Amino acid sequence: MKIILASASPRRKELLAGLDLDFEVRLLPGIDESYPDDLPTTKISEYIAREKAAAYTGEIGDGELLLTADTIVVVDDEVLGKPSDEDDARRMLHMISGRTHQVITGVCLATRDETRSFSVETDVTFKTLSDSEIDYYIKQYRPFDKAGAYGIQEWIGYVGVESIRGSYFNVMGLPVQRIYNEIKKFSAKC
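In this report, the structure presented in the accompanying data block is examined. Fair warning: this is a prediction, and the values are worked out from it, not measured in the lab. (Residues numbered from 1 in each chain as written. Predicted model: local features only at pLDDT ≥ 70, side-chain atom pairs only at ≥ 80, totals over all residues. Heavy atoms only, no water.)

**Focus: the nonpolar core**
Ranked by internal contacts, the top residues of the largest apolar core, which has 40 residues, are L93, F126, Y150 and L174. Dropping the residues within four chain positions of it, L93 is found in contact with L129, I134, Y137, I138, G148, A149 and Y150. (Core = buried A, V, L, I, M, F, W, Y, C linked by side-chain atoms within 4.5 Å. Buried < 20%, exposed > 50% of the residue type's maximum accessible area, 1.4 Å probe, protein only. Contact = heavy atoms within 4.5 Å.)

**Quick look at the pattern of salt bridges**
Inspection of every chain in the model, using the stated rule, returns 24 salt bridges. Across the pair K127 and E133 runs a salt bridge, and its minimum N-O distance is 2.8 Å. Among the residues examined, E133 registers a relative accessible area of 18% and is labelled buried. (Salt bridge = Lys/Arg side-chain N within 4 Å of Asp/Glu carboxyl O.)

**A few points about a nonpolar patch on the surface**
A cluster of nonpolar residues, I164, Y168 and F169, forms a patch on the protein surface that exposes about 240 Å² of accessible area. Following the sequence through the fold, I164 ends up in strand β7 (residues 161-165). (Patch = residues over 30% accessible without salt bridge, like charges linked within 9 Å, V, L, I, M, F, W, Y side chains within 5 Å. Areas by Shrake-Rupley, 256 points an atom, 1.4 Å probe, with all protein chains shown as cover. Helix = DSSP H or I, 4+ residues; strand = E, 2+ residues; numbered from the N terminus.)

**Some details on the side chain of T71**
Inspection of the secondary structure assignment puts T71 in strand β3 (residues 64-75). Of the residues examined, T71 reaches a relative accessible area of 17% and is grouped as buried. Within the structure, the side chain of T71 is placed 3.0 Å from the side chain of R12, a separation counted as a polar contact. The residues touching T71, leaving out its near neighbours within four places in the chain, are R12, V103, I104, T105, A147, N170 and G173. (Polar contact = N/O pair within 3.5 Å; in protein donor to acceptor, adjacent residues only side chain to side chain.)

As far as function goes, none of this settles anything; it's purely spatial.
Structure, rendered in structure tokens:
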């Protein structure tokens, strides 16, 4: 089975490559990542992952398995997406400072005949971050392509994360252990 990763994320490419599976990256431009306003926060990332997969209908060939994903950060039932600028990143980092938040990654696996989706949630607790730590991180790492304005694998994760309950790799953007098991289920059917 040929695996198709529908993501431009370098972290997702790195994580999937860590499973020692052959895959190809295939991207379609302009996929809508919006979701209904009344959708519970715990369902958003899985909904978006399914919508991304739906955009590839007709693009999946025989023997191909498409993988789409979406990651969100949730604090007090508020979704923190990718920050629009430095001020937005600063606001998000202040929100997670000294608190526990949830990182939820939704995943969709699809062939021509079958679609399966799931989400994985991880609790992340940050120490109280100083203004200088937040400013340093934003200036040095420019986290504008990351949900919640941070990458756990970067400096802020080293100095700020006090504890994690769940998958570290999920916080990076891909729950690889669960994906590996789901891919094995698809492969067993072939």
